[in-house]
Amino acid sequence: MASPEERYNFREAEAKWQRIWADKDSFKIEEPSAKPKYYVLEMFPYPSGRLHMGHVRNYTLGDVVARHKKAKGYNVMHPMGWDAFGLPAENAALERGVHPGTWTRQNIKDMKAQFAPLGLSLDWSREVTSCEPKYYKHEQKMFLDFLKAGIAYRKESWVNWDPVEHTVLANEQVIDGKGWRSGADVEQRKLNQWFLKITNYAEDLLQGIETLDRWPDKVRLMQRNWIGRSEGARVKWPLVAASGKDTGDILEVFTTRPDTLFGASFCAISAQHPIAAKVAETDPALGDFITECSKGGTSTAAIETAEKKGYDTGLRARHPFIADKTVPLYVANFVLMEYGSGAIFGCPAHDERDMEFARKYSLPVRCVVAPAGEDAKAFAERLEAGNVAYTEDGVAINSDFLNGLKVVEAKRAAIQKLETIARGTGTVQYRLRDWGVSRQRYWGCPIPIIYCQGCGTVPVPDKDLPVTLPEDVTFDKPGNPLERHPTWKHVKCPSCGKPAQRETDTFDTFFESSWYFARFCSPHETDKPFDKAAVEKWLPVDQYIGGVEHAVLHLLYSRFFTRAMSDCGYLDLKEPFAGMFTQGMVCHETYRLPDGTWLEPGAVTKQGEGATHNGKPVTVGRSEKMSKSKKNTVDPARILDTYGADAARLFMLSDSPPDRDLEWTDAGIEGAWRYLNRVWRLAADAGEIPPAPPPPVMDASAAAVLRQIHRAIAAVSDDLEKFRFNSTVARIRELTNALGDMDHSVAGGNAVYRFGVEVAAQLINPLTPHIAEEIWQTLGNKTSLTETPWPSYDPALLEDDTVTIAVQVNGKLRGTITVAKTADKAACESAALDLPAVQKQLDGKAPKKVIIVPGKIVNIVAA
RNA sequence: GCGGGUAUGGCGGAAUUGGUAGACGCGCCUGACUCAAAAUCAGGUUCCUCUGGAGUGGGGGUUCGAGUCCCUCUACCCGCACCA
């Protein structure tokens, strides 16, 4: 038995319980089981080789859920694996000459070892590694099924091209329009690439969001906006050459504001639009402009923040409604080829961007919508003279047959007319684009396609799957190693037998993460990706947890993939994640020397207000996301070694709400560590008390603590369900504070105290499982907390008979009264009016009005 | 540029439907124990011009009553389709 003075030995205890859990297979699912299933999943990590605090936070959150649900009587599945394909492995190969496979597999080994001391309730027997053929072969098959089902197709699309390195760059590798390594101006190039038809599912993905009631509203909103459904019209504008003759081309423009067609003053097309290319053939200056637009990368952010520029093609476009009216056609750098038809019409009076463009190129501004009830003529004059567009609701003016209609009605009428005169149609447009899955990289899943001169695009036959990556590749030359491998890409055409070539592109790594949650349900299946029955039993994931940075892409791709897999007969499900939780980042203060170099936290000595490094003053910067570049990282291994897993977990859970950013502080982890020792001393005391039920008659103080214990169970249970882990910790601390303060010598004192410590161990178990088990054992329990049901509370013990309520005069607090819970309004009022502070405020006058909310407040309104 | 979010003591945060702002903790202060330190324990800690007043990023509004609802402004953070 530990003496109260002895400090808690986390090293011994944590290793001991981790061994016991492993020996007993405590975290495997029960099979068979009558219990309801619960699937807890954290986003599987990219094996960078170093576990960082963001991982620790993510997996701790999941572990709390998993352990709590297990105690609540669920059959819990909590797997882990590796998102093992990706760019960093190729960068390592390039920079250090290590093979991506060697590097990745070593990292997995290292990281798995770093996981162990965290004490997570993971079932490692389900581990999956996405870079292994036994995993990725299934997605090659899926892709071929998608191809058959018309979900996969090939088309040309634009990429960031580094002219020096001769490689395609990721957007993050394009910095200010230049390649990150070469520094050369990045160009946009067209390549043939594979796409998945996620746009076919746009409406269903949008509708599905409504069913995701256990997702954060902000994520649902972001997905809705990403899909970006908008109703509008496609409008046809026949083009007219400078000579006044029709060219025969018809420009198709998408607009959400067909009601403003009468205010059109120009049309604009993307620099990548076919018409732009055609005009450029005879106009070298336009060619230069297009080249200029192609510099700076493909990212939407870069395109939309660039200065708005246009080039007048000299062509004009025929207005659909006004006979003989034409507007100039520009090529503009802000028009996206990927959205709508790659062409817009500009109505400067009612669109900010068009207004800016019109002022820059001296184009007319014609007001065609005025706010209802205002003098339309005066409003129009003001608007046309100014630089601010009017984008609000209103009534059509200067618009022929639309005049007098409200915006919504005018849109409808305009579309109807367009359709009648065959100059356009009403359509629904989505911002969502098809998912480009081709990557010109080595370290990814090979796309199982063969190109034959005679037969064209030929899928690799099932019997030849998987197409595995060759291991003997070199990274000494720029470009994709698969492309220049001596033999790998040269194969016989499966259909005609003549020499043919493999597709050398690999899949986007989002491909692997779009179905791994299903693979976890039957990870050892060899001839199919997963067993249908297993997937039907375990999916959807009941609680998915990960960073908010994945709020759109990964989650949307997974939702799409689940639908696509269902359509190909793999399963029968639409939504893979029933519950979603997005955690915040882990941040730390930053430190810099006067010369601007970043310093690691360990290199900085803090003294009072200031900080120094080897005697030199250090600037303490604000807290930012932990990153290698700013050197503000804290190594979890060091923390675990110094304070143990429980302290690290407790601090991460207690300091901030899980969905917000967490600031890592040394003081915080120290505080958590001290608390664990305090709890440990309580437990040591309680261990001395023989178990006994509380006596029927006990002292009022002991009875009050007993009520508090029951309140703690209720509050903690509720907080855990709602992901309020920081207040969970606060509630548990309140409980242990009360236990520490209570007088054991009163009637029932010992029994209540012992019961309180037992409950505290159970409540804290999901958060700090090692010390909880140790306490549980100290109290003489023979079973593990992993097999112990969650404590229940007696609702009758949750509340006191009396309640203290606030008394306000004119909304300002002047005192409190303590009344019986059942006290009526009259009793509350007279008690409140009796307060000396209230008397003073009233100054002898009668109150004008008294508002009484029983159990809450009395507010006296004085004259 | 577009989309999403956040703002409360010296610090992290709490306040679940509009009802006692600052729970719980960190830090700090005072005291006890100690030769001393650490650890531990007890007490205190929103601010101010302090018998009162102010106060939840700034300004305005609704209400008996606003951190919470509405309008407006500011600052910071995240995502933007080839990082994962």
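Going along each chain's sequence as written, the residues are numbered from 1 onward. Whichever chain is written first becomes A and whichever ligand is written first becomes 1, with later ones labelled in order. Given that this is a predicted model, residues contribute local features only at a pLDDT of at least 70 and side-chain atom pairs are listed and counted only at 80 or more, while totals for whole chains, interfaces and linings are drawn from all residues. With hydrogens and water stripped out, all remaining heavy atoms of the structure feed into the side-chain values.

(A) Representation of the overall build of chain A within the structure. Across its full length, chain A holds 27 helices and 38 strands. Overall, chain A is about 105 × 85 × 65 Å in size when its C-alpha atoms are taken along their principal axes. Among the 863 residues that make up chain A, the fraction classed as buried is 53%. Residue contacts are defined here by distance: any two heavy atoms, one from each residue, within 4.5 Å place the two residues in contact. Taking all contacts inside chain A whose residues are at least 6 apart in sequence as the whole, residues at least 24 apart take part in 72%. A 1.4 Å probe and the Shrake-Rupley method give the accessible areas. Residues count as covered only by the protein chains that appear here. Here chain A has roughly 38,600 Å² of accessible surface; of this, 51% comes from carbon and sulfur atoms. Computed over 106 positive and 113 negative side-chain charges, the inter-centroid distance for chain A is 2 Å. Here a strand is any run of E in DSSP of at least two residues, a helix any run of H or I of at least four, and the numbering for each starts at the N terminus. Burial classes follow relative accessibility: with a 1.4 Å probe on protein chains only, a residue under 20% of its type's maximum area counts as buried, one over 50% as exposed, and anything between as partly exposed. This count recognises Lys and Arg as positive and Asp and Glu as negative, with His and chain-terminal groups excluded. For this purpose, a charge sits on NZ of Lys, CZ of Arg, CG of Asp or CD of Glu.

(B) Inspection of the packing of aromatic side chains at higher detail. Between 30 and 60 degrees the pair is tilted, below 30 it is stacked and above 60 it is edge-to-face, where a pair is any two Phe, Tyr or Trp rings, Trp via its six-membered ring, whose centres lie within 6.5 Å. By the definition in use, this model includes 48 aromatic pairs. For the pair Trp82 and Trp124, a centre-to-centre distance of 6.2 Å together with 25° between the ring planes defines the contact as stacked. Highlighted residues: Trp82 in strand β3 (residues 79-82) and Trp124 in strand β4 (residues 123-129), separated in sequence by 42 residues. Residue class for Trp82 comes out buried when judged on its relative accessible area of 0%.

(C) Representation of the side chain of Arg441 in the model. Summarising the element assignment, Arg441 is placed in the loop between β20 (438-439) and β21 (449-452). Nearest to the buried, unbridged Arg441 among oppositely charged side chains is Glu90, at 5.4 Å. Once residues within four sequence positions are removed from consideration, Arg441 is found in contact with Leu87, Glu90, Val168, Leu169, Ala170, Gln173, Asn480, Leu482, Thr504 and Thr506. Whenever a carboxyl oxygen of Asp or Glu lies within 4 Å of a side-chain nitrogen of Lys or Arg, that contact is scored as a salt bridge.

(D) Representation of the side chain of His350 in the model. Looking at the element boundaries, His350 is found in the loop between β15 (343-346) and α11 (352-360). The buried category is assigned to His350, whose relative accessible area is 4%. Within the structure, the side chain of His350 is placed 2.8 Å from the backbone oxygen of Tyr390, a separation counted as a polar contact. Polar contacts here mean pairs of N or O atoms no more than 3.5 Å apart (in protein, one a potential hydrogen donor and the other a potential acceptor; neighbouring residues in sequence count only if both atoms are side-chain atoms).

(E) Quick look at the sheet that holds strand β5 (residues 152-162). At least two bridges found by DSSP between two strands are what make those strands a pair. If you trace the 4 strands from one edge of the open sheet to the other, you get β6-β5-β9-β19, paired in antiparallel fashion. Each edge of the open sheet is held by one strand with a lone partner, namely β6 (167-169) and β19 (435-436). Pairing analysis gives 10 bridges linking β5 to strand β9 (residues 187-196), with the strands arranged antiparallel. Within the sheet, the bridge partner assigned to Val159 lies in β9 and is Arg189. Together, β5 and β9 form the strand contacts of helix α5 (residues 133-148), whose direction differs from that of β9 by roughly 90°. Only the stretch in contact is used when a helix axis is fitted, and all axes are lines through C-alpha atoms; the angle between N-to-C directions ranges over 0 to 180 degrees.

(F) Spotlight on the sheet that holds strand β37 (residues 849-853). Across the sheet, 4 strands lie side by side as β36-β35-β38-β37; this open sheet has mixed pairing. On the outer flanks of this sheet lie β36 (812-820) and β37, each paired with one strand and no other. On average, each strand axis in the sheet is inclined to that of its neighbour by 20°, with strand direction left out of account. When β37 meets strand β38 (residues 857-861), the two strands line up antiparallel, connected through 5 bridges.

(G) How the structure looks around the pairing of strand β10 (residues 229-240). Examined bridge by bridge, β10 and strand β18 (residues 424-430) share 7 bridges and lie antiparallel to one another. Considered in β18, the bridge of Arg229 is made with Tyr430. Across 7 bridges, β10 lies against strand β11 (residues 246-255) in antiparallel orientation. Each bridged residue has a counterpart across the sheet, and for Val235 the counterpart in β11 is Val253. Once β10 ends, the chain turns through 5 residues before running back antiparallel as β11, passing Gly244 with a positive phi of about 100°. Relative to strand β13 (residues 310-318), β10 is paired through 2 bridges, and the arrangement is antiparallel. Paired with Val240 across the strands is Arg316, a residue of β13.

(H) Geometry of the protein's contact with RNA strand B. Whether a residue is near a molecule or strand is decided by its heavy atoms; if any one of them lies within 4 Å of it, the residue is near. Looking at RNA strand B, there are 69 residues lining it, with Asn171, Arg441, Asp655, Glu734 and Asn859 nearest. Among the atoms of RNA strand B close to the protein, meaning within 4 Å, 65% are from sugar or phosphate groups. Arg433 places a main-chain nitrogen or oxygen 2.9 Å from a base nitrogen of RNA strand B. Here a phosphate oxygen of RNA strand B sits 3.1 Å away from a polar atom, N or O, in the side chain of Asn726. Basically, the charged four are Asp, Glu, Lys and Arg, the nonpolar ten are Ala, Val, Leu, Ile, Met, Phe, Trp, Tyr, Cys and Pro, and anything else, Gly included, counts as polar. Across the surface near RNA strand B, the residue classes break down as 23 nonpolar, 20 polar and 26 charged.

(I) Up close: the nonpolar core. Take the buried residues of types Ala, Val, Leu, Ile, Met, Phe, Trp, Tyr and Cys, join any two whose side-chain atoms come within 4.5 Å, and each joined set is a nonpolar core. Judged by nonpolar contacts, the single largest core of 169 residues is most densely connected at Tyr39, Phe143, Leu196 and Trp664. In terms of residue count, the dominant contributor to this core is helix α21 (residues 666-687) (10 residues). Apart from the residues lying within four places of it in its own chain, the contact partners of Tyr39 are Met77, Pro79, Phe517, Phe520, Cys521, Trp538, Leu539, Pro540, Val541, Asp542 and Gln543. Core analysis: the next-biggest nonpolar cluster, separate from the first, contains 61 residues, Leu251, Cys267, Ala317 and Ala413 among them.

(J) The confidence of the model for chain A, seen in detail. Of the residues in chain A, 99% reach a pLDDT of 70 or more, and the chain-wide mean stands at 91. Scored as a whole, the predicted complex attains pTM 0.94, and scored at its interfaces, ipTM 0.94. A score from 0 to 100, pLDDT tells how confident the predictor is in each residue.

(K) A look at helix α1 (residues 10-23). How far a helix is expected to stretch is found by multiplying one less than its residue total by 1.5 Å. With 14 residues, α1 extends 19 Å from end C-alpha to end C-alpha; this agrees with the ideal 20 Å at 1.5 Å per step. Among the residues of α1, Phe10, Ala13, Glu14, Trp17 and Trp21 are the ones counted as buried. When α1 is viewed along its axis, its buried side chains cluster within an angular range of 95° and face the same direction. Those residues of α1 that are exposed and aimed more than 90 degrees away from the buried face are Glu12, Arg19, Ala22 and Asp23. Relevant arc is that of directions from the helix axis to the C-beta atoms, nothing else.

(L) Seen up close, unusual backbone geometry. A cis geometry characterises the amide bond from Leu465 onward to Pro466, with omega recorded as 0°. Among the structural elements, Pro466 can be located in the loop between β22 (456-459) and α14 (481-484). The peptide bond linking Leu539 to Pro540 adopts the cis configuration, its omega dihedral lying at 0°. Mapped onto the fold, Pro540 is located in the loop between α17 (532-538) and β26 (543-547). Within the chain, Lys631 stands out as a residue other than glycine whose phi angle is a positive 60°. Summarising the element assignment, Lys631 is placed in the loop between β33 (619-625) and α19 (636-643). Even without being a glycine, Phe723 presents a positive backbone phi close to 60°.

(M) Spotlight on the packing of α21 against helix α23 (residues 725-741). Look at α21 against α23: their axes get within 11 Å of each other, and the N-to-C directions meet at 45°. In terms of orientation, α21 and α23 fall into the oblique class. Judged by the twist between their axes, the crossing of α21 over α23 is left-handed. When α21 is examined against α23, the residues Gly671, Tyr675, Arg678, Val679 and Leu682 are found in contact with a partner set consisting of Ile732, Arg733, Thr736, Leu739 and Gly740. For classification purposes, an angle smaller than 35 degrees is called roughly parallel, one larger than 145 roughly antiparallel, one from 65 to 115 roughly perpendicular, and anything else oblique. By definition, turning the near helix anticlockwise from the far helix through less than a right angle yields a left-handed crossing, and turning it clockwise yields a right-handed one.

(N) The arrangement of the pairing of β38 in detail. Inspection of the sheet shows strand β35 (residues 802-809) paired to β38 by 4 bridges, in the parallel sense. By the bridge assignment, Ala806 is partnered in β38 with Ile857. As consecutive antiparallel partners, β37 and β38 are separated by 3 residues, and within that stretch Gly855 has a phi angle of approximately 80°, a positive value.

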